[in-house]
Amino acid sequence: MNLTRVNLFDVPLRPILLLHPSCILVSKRFVTRTSTGVSPSILLPRSTQSPQIIAKSSSVSVHPVSEDAKEEYQSNDVSGDSIRRRFLEFFASRGHKVLPSASLVPEDPTVLLTIAGMLQFKPIFLGKVPRQVPCATTAQRCIRTNDLENVGKTARHHILFEMLGNFSFGDYFKKEAIRWAWELSTKEFGLPANRVWVSIYEDDDEAFEIWKNEVGVPVEQIKRMGKADNFWTSGPTGPCGPCSELYYDFYPERGYGEDVDLGDDTRFIEFYNLVFMQYNKTEDGLLEPLKQKNIDTGLGLERMAQILQKVPNNYETDLIYPIIAKISELANLSYDSASEQAKTSLKVIADHMRAVVYLISDGVSPSNIGRGYVVRRLIRRAVRKGKSLGINGDRNGNPKEAFLPTVAEKVIEMSTYIDSDVKLKAPRIIEEIRQEELHFKKTLERGEKLLDQKLNDALSVADKTKNKPYLDGKDAFLLYDTYGFPVEITAEVAEERGVSIDMEGFEVEMENQRRQSQAAHNVVKLTVEDDADITKNIADTEFLGYDSLSARAVVKSLLVNGKPVIRVSEGSDVEILLDRTPFYAESGGQIADHGFLYVSSDGSQEKAVVEVTDVQKSLKIFVHKGTVKSGALEVGKEVEAAVDVDLRQRAKVHHTATHLLQSALKKVIGQETSQAGSLVAFDRLRFDFNFNRSLHGNELEEIECLINKWIGDATRLETKVLPLADAKQAGAIAMFGEKYDENEVRVVEVPGVSMELCGGTHVGNTAEIRAFKIISEQGIASGTRRIEAVAGEAFIEYINSRDSQMTRLCSTLKVKAEDVTSRVENLVEELRAARKEASDLRSKAAVYKASVIPNKAFTVGTSQTIRVLVESMDDTDADSLKSAAEHLVSTLEDPVAVVLGSSPEKDKVSLVAAFSPGVVSLGVQAGRFIGPIAKLCGGGGGGKPNFAQAGGRKPENLPSALEKAREDLVATLSEKLG
């Protein structure tokens, strides 16, 4: 291998060096990084200038820095930013291509978030796509939530972390990976050799020999470990191989005996993992040697920073501690003197906000589903931890404001060398965090009170029944659905009180009301039962659809129910692979073309017609899905592929209109808004974008006017193919969800208006769009809005439909079009008055009915008596039931307790409890009393001490529930009266 010294940056780095949690060092030189990544092309000189000592401005106490520490840091830069740079430079100088971190939102549809440095290279490792470079190195941002409960409690667990990795795609293998890992650790980073231990897979003698004989690691520092610890697999079948891990020993004085346990977190920390991908695991479980052996490694940046900066945990490194210091300021406390519980809260907030900032930057907004739920859960957990620290409001002391934006500002300030795009998105990131925190704070206090009440009830029931206390799943769901409490937070609080949660019941409730996520990824599975992967035997499909809507093509393969067949006949649903096609496959938000495949009869083959209703794409192979309408189709036969011209034109119109819409949004509401999803269909377009409020009517009108002006300008579109770097430099915007080739991308430009990277189909001139109309604008998640619109032929259909509806409305109301609004307003007002009158009559009827049942009341107590009335009022509605209860309490003498129930509709129960002041003064509260009664009817509820309402879904249980209410009231009041 030809090795060349290279440099990653255009100018020297300004590292931030940690000496102590209260003091940092900053050198006099600095580095900038472009949003398109770094270039490993020039030598980076080591900084030889003396660093300056700068005390941090924070509320924590400042301790003096020893002269020995100063000398050590001056000779060896160990800041987090420097460790990252030195790692990348080390491997760049050994022939690795430096690639940017992939998004935290992975392209892999099987993974929710980017969890490992190798994820962006998974298709290469699996042999799905060819390698672009022989070897690469990255600093990848990763998110893992499986250890959430350990965050802040251990020295090393995080939600967001950076994985530094070097990768070989069939280039070098085990010997080079091991030698470089040792050289990096002991020479570049200067770790003492006697403190670095190595683990290997128990049967990997080759790795043992390299570590022992070629690297020189003493045998007593090499540990053989089993498959669970040191053997990596990609799944039940596929690439796999042994691992070798490097551990740092904090206490070598404890010895090197056989009983040393590398899993002892008090002594060791694993900091580097080397995966030797050398086998293919078959369905029979056999390990076959791979033709192309690969290397996948990961070094934890935060862990290496802890080691080199000589601090007790990852949180006190310069990668995280400045964030903790900022939170300490807001909490008006010193980290050094804080309790362990307070320190844990500080760490949790710092960790979670790092993750939240980078997730939002990568396009994930808080919501109740998928990735958005991760963000919401982290923010709400941080808010609770902030409250436990006594943080109330923003840095200016405004209790109605949010404090997390101030923390986010510190995270963003520190993002320069991690992801320079974060600062460009700062306004949107901060506002989304602010809105989410304020939204949660509105319900937090009420939710906490309800949770406290539910936990008290659970403990009380457990005390009486001598069973283990647990919180009903329906109550946990109520807290989640109504008060925004992630069930994990409820579980944490419950655990602190010794109460478990009925998670099965919670999941049942979630399933009943689960919100549907956006359309699932369209994944084309081309693995069939009798053939490993059909894509290996089929060449890429040549796409002709930009220039032609019909073409001659040859059938290369036919699939029915995932199985390859030679021939299909009339009525069969089939998937067809052609050697070339004019059909656009669904991608980039644009739906697939529709059309037909025609087989003409020429004596050697039978005439056939196949209707194509969908086209999907796996890598570069197009799969045409359709139905044989007549005749038969065979592999190897030639067909005429014809796209439906009218439908294609509709898609082109809507796709170009989508580009115009994005440009208009940026002009009207701000450049920081960004696309969060799209749909380009034949009948409409849909555009999702990041924004924290609904658009005003005048803004929507301005957007429409801008777009229609651009349409009227009749501007010719320009399409170019450029290298990705050139396209970005020219100002092209990347389309949401698209993957781009570094060497070649397609740029679609409406000169003076829009320039985007896009593989979709577009009109040749904006005049072809004809007209544009927004038909709806709404929020679909916190911080995410959606616009639906029509253009072209769909616009004409929309206007004609609206005109037809208005004509019928005018006829029905017998007014002119201009008078429809006032006529409808009058009708609505008349209806409102009629409904109010009916409600008043029902309430009066209920009060009258209630006036004849006071004689059914009975008394509890002797020296002091309380009147109790528990009755059913048949089908009385909830509002009337309330009026009846209020009437009874006011007419019967204090003290009095009234409980009424009814079944106003099928499968519906209404309950009400009204207690007079004399009852409430005894500590008996209506809000707490009515809940358990409602549960007997399959529902729940609550309210104030003097008045509460509840509902249920089981009317058949109402009599027994009222009897239970009568018994409980008698028992409780008797106990209170003594």
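Preceding block: the structure.
Residues numbered from 1 in each chain as written. Predicted model: local features only at pLDDT ≥ 70, side-chain atom pairs only at ≥ 80, totals over all residues. Heavy atoms only, no water.

**Q** Even after reading the chapter, I still don't get the sheet that holds strand β31 (residues 754-757), so can you show me in this structure?
**A** Backbone-to-backbone hydrogen bonds pair the strands of a sheet. The strands run either parallel or antiparallel. Spatially, β28-β30-β31-β29 is the arrangement adopted by the four strands of the open sheet, whose pairing is mixed. Lying at the two open borders of the sheet, with one neighbouring strand each, are β28 (718-722) and β29 (733-734). Sheet topology note: the β28/strand β30 (residues 745-750) ladder contains five bridges and is antiparallel. Bridge assignment links Val721 to a residue of β30, and that residue is Arg746. (Pairing = 2+ DSSP bridges. Helix = DSSP H or I, 4+ residues; strand = E, 2+ residues; numbered from the N terminus.)

**Q** How do you make sense of the pairing of strand β19 (residues 573-578) when you look at a structure like this?
**A** The pairing of strand β16 (residues 550-560) with β19 spans four bridges and is antiparallel. Considered in β19, the bridge of Val555 is made with Leu578. Note: β19 against strand β23 (residues 621-630), four bridges, orientation antiparallel. Following the sheet pairing, Val574 is matched in β23 by Gly626.

**Q** Can you walk me through the packing of aromatic side chains in this structure?
**A** The geometry of an aromatic ring pair is captured by two quantities: the separation of the ring centres and the angle between the planes. Considering all chains together, one arrives at 22 aromatic pairs under this definition. Pairing Tyr172 with Trp180 gives two aromatic rings, centres 4.9 Å apart and planes at 75°, and the pair type is edge-to-face. Owing to a relative accessible area of 2%, Tyr172 belongs among the buried residues under this scheme. The class of Trp180 is buried, set by a relative accessible area of 11%. Pairing Trp197 with Phe268 gives two aromatic rings, centres 5.4 Å apart and planes at 75°, and the pair type is edge-to-face. Residue Trp197 is located in strand β7 (residues 196-201), and its partner Phe268 is located in strand β11 (residues 268-281); the two are separated by 71 residues in the primary sequence. Each member of the pair, Trp197 as well as Phe268, carries the same accessibility label: buried. Of the aromatic side chains, those joined through ring pairs into one cluster are Phe87, Phe90, Phe91, Tyr172, Trp180 and Tyr272. Taking the ring centre of Phe208 as reference, the NZ or CZ of Arg224 above it sits at 4.8 Å. Lying over the aromatic face of Tyr335, Lys343 brings its terminal NZ or CZ to 5.0 Å of the ring centre. (Phe/Tyr/Trp six-rings, centres within 6.5 Å; stacked < 30°, edge-to-face > 60°. Buried < 20%, exposed > 50% of the residue type's maximum accessible area, 1.4 Å probe, protein only. Lys NZ or Arg CZ within 6 Å of the ring centre and 35° of its normal.)

**Q** For this particular structure, what's the right way to read the pairing of β7?
**A** Two faces make up the sheet, and in a regular strand the side chains alternate between them. Most of β7 sits inside the fold, with six of its six residues counted as buried. The alternating pattern of β7 places Val196, Val198 and Ile200 and Trp197, Ser199 and Tyr201 on opposite faces, both of which are buried. What joins β7 to strand β8 (residues 222-225) is helix α5 (residues 205-215), and the crossover it makes is right-handed. (Right-handed = clockwise from strand over helix to strand, strands pointing away.)

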